[in-house]
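# Structural overview
What follows is the residue order along each chain.
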Amino acid sequence: MKAAINTKYGSPDAVKVMEIAKPVPNRNEVLIKIHASTVNRTDCGFRSAEYIITRFWTGLVRPRKKPLGCEFAGEIEAIGENVTSWKIGDRIVGFNDKQFGGHAEYMTLNENETFAQIPDNFSYHEAAPLLEGAHYALCDIRAAKVKNGQNVLVYGASGAIGSAAVQLLKYFCACVTAVCNSKNVELVKTLGADHVIDYTTEDFTKTGQLFDFIFDAVGKSSYGQCKPLLKKGGIYISTELGKNAENVFLALFTSVFYSKKVLFPVPSISRKDVEFLIDLAENGHYKPVIDRMYDFEQIVEAYRYVETGQKTGNVVIKID
Ligand SMILES: NC(=O)c1ccc[n+]([C@@H]2O[C@H](COP(=O)([O-])OP(=O)(O)OC[C@H]3O[C@@H](n4cnc5c(N)ncnc54)[C@H](OP(=O)(O)O)[C@@H]3O)[C@@H](O)[C@H]2O)c1
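Everything in this summary refers to the structure shown in the same document.

Parameters and conventions
- Residues numbered from 1 in each chain as written.
- Predicted model: local features only at pLDDT ≥ 70, side-chain atom pairs only at ≥ 80, totals over all residues.
- Heavy atoms only, no water.
- Helix = DSSP H or I, 4+ residues; strand = E, 2+ residues; numbered from the N terminus.
- Rg over C-alpha atoms; globule rule 2.2 N^0.38 Å.
- Buried < 20%, exposed > 50% of the residue type's maximum accessible area, 1.4 Å probe, protein only.
- Contact = heavy atoms within 4.5 Å.
- Areas by Shrake-Rupley, 256 points an atom, 1.4 Å probe, with all protein chains shown as cover.
- Lys, Arg positive; Asp, Glu negative; His and termini not counted.
- Charge placed at Lys NZ, Arg CZ, Asp CG, Glu CD.
- Patch = residues over 30% accessible without salt bridge, like charges linked within 9 Å, V, L, I, M, F, W, Y side chains within 5 Å.
- Salt bridge = Lys/Arg side-chain N within 4 Å of Asp/Glu carboxyl O.
- Pairing = 2+ DSSP bridges.
- Axes fitted to C-alpha atoms, helices over the stretch in contact; angles between N-to-C directions.
- Near = heavy atom within 4 Å.
- Polar contact = N/O pair within 3.5 Å; in protein donor to acceptor, adjacent residues only side chain to side chain.
- Nonpolar A, V, L, I, M, F, W, Y, C, P; charged D, E, K, R; others polar.

### Some details on the overall build of the chain
Secondary structure assignment for the chain yields 10 helices and 15 strands. The C-alpha radius of gyration of the chain comes to 20 Å, within 12% of the 20 Å expected for a compact globule of 320 residues. Oriented by its inertia axes, the alpha-carbon framework of the chain measures out at about 60 × 45 × 40 Å. Burial analysis of the chain (320 residues in total) assigns 52% to the buried set. In the chain, of all internal contacts separated by at least 6 residues, the share reaching a separation of at least 24 is 68%. Taken as a whole, the chain presents about 14,400 Å² of accessible surface, with 53% of it coming from carbon and sulfur. Averaged over its 37 positive side-chain charges, the chain has a centre that lies 6 Å from the centre of its 37 negative ones.

### Some thoughts on a negative patch on the surface
Side chains of Asp-120, Glu-275, Asp-279 and Glu-282 sit close together on the surface and give a patch of like negative charge. Topologically, Asp-279 is positioned in helix H9 (residues 271-282).

### Let's talk about the sheet that holds strand S12 (residues 230-238)
With respect to topology, six strands assemble into an open sheet ordered S10-S9-S8-S11-S12-S13, the strand pairing being parallel. Single-partner strands in this sheet number two, and they are strand S10 (195-198) and strand S13 (261-263). Neighbouring strand axes in the sheet, compared pairwise and without regard to direction, differ in orientation by 20° on average. Of the strands in this sheet, S12 and S13 are in contact with helix H8 (residues 246-257), which crosses S13 at around 135°.

### Here's the deal with the site of the ligand
Not every one of the 25 residues close to the ligand is listed here, only the nearest: Asn-181, Lys-183, Tyr-199, Glu-240 and Lys-311. One nitrogen or oxygen atom from the main chain of Ile-161 is found 2.8 Å from an oxygen atom belonging to the ligand. Measuring from an oxygen atom of the ligand, one finds a side-chain N or O atom of Gln-310 at 3.4 Å. When the ligand sits alone it has 920 Å² of accessible area, and the protein chains cover 87% of it. Counting only elements with at least two residues in the shell around the ligand, the list comes to helix H1 (41-48) and helix H5 (160-171). Broken down by class, the residue content of the shell around the ligand amounts to nine nonpolar, 11 polar and five charged.

Coordinates in, geometry out; function isn't part of it.
Next up, the structure:
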């Protein structure tokens, strides 16, 4: 089968589409024929080994000959003899950042892993980007314990995480102020944001508004900058570690001594989370934003684009 293999840490040019052995499911696994995947910031982090710790998963000295691709949408082509919850032909979408494998024509997964049925109203290409950005957003929104009517600011509302966060926060009945570039103002309004700040013309720290929760979905702000905008008891979360990993230390420090707090939740995903997000999508509360689609053979170009840090929402890879 064809798979995109990262042959060296560093530049995206080291990713090569090549032939590798088609996997065979064991008795508890399903074989998934992949129709669509994405290139996202999680894949990019593991591909480049920007944080050395990721090499414990992908290979210490050089990458193992295994495809990346943490998001995948496809159909079940075969099942192991013990598999009871799936049947051949089921259309599924999933997220897996331990084994990866979506950048290939086939992958195998234990039947209990984090994937679920694709809603009927979604094609494979529309479904592939359902989970990466959204599960990070969900994890952070839950950590902040957002309540009905609370004032929330989403900085970087046009990225994969930010565009999902705006929609999820509206589902949880928050009042959302979204910050993005001029070119994305209209898009972010369609996602449901109550107020939009164009960061090229307005300083989001100078609006005079106070927030219960500030969610920096692109990790470009700092707590020092955002603290004056938080109400008493307010929460700040960034998706990045911050300068000198300050967000981790601030999370420890503010948890004990201060009313305004920095949180740094460790992201996780369960089958229930996958089903919850799919249910929202099926019922029209959440739709992943798709920026570009690339053919499988163009995956290096997709990596280059995603690594500019300027994509809007998600970048889909057509495998079929
Ligand atoms: N904590 C974790 O486990 C985890 C996991 C995955 C990703 N991440 C991190 O989370 C961040 C977001 O991921 P993502 O996939 O959502 O990113 P993304 O889709 O690549 O974000 C791109 C968006 O960021 C916006 N942006 C770029 N620079 C900006 C700035 N200075 N101010 C405001 N917006 C800016 C761009 O919008 P404009 O065109 O409007 O500027 C673009 O739409 C990344 O830094 C990524 O490394 C963390």
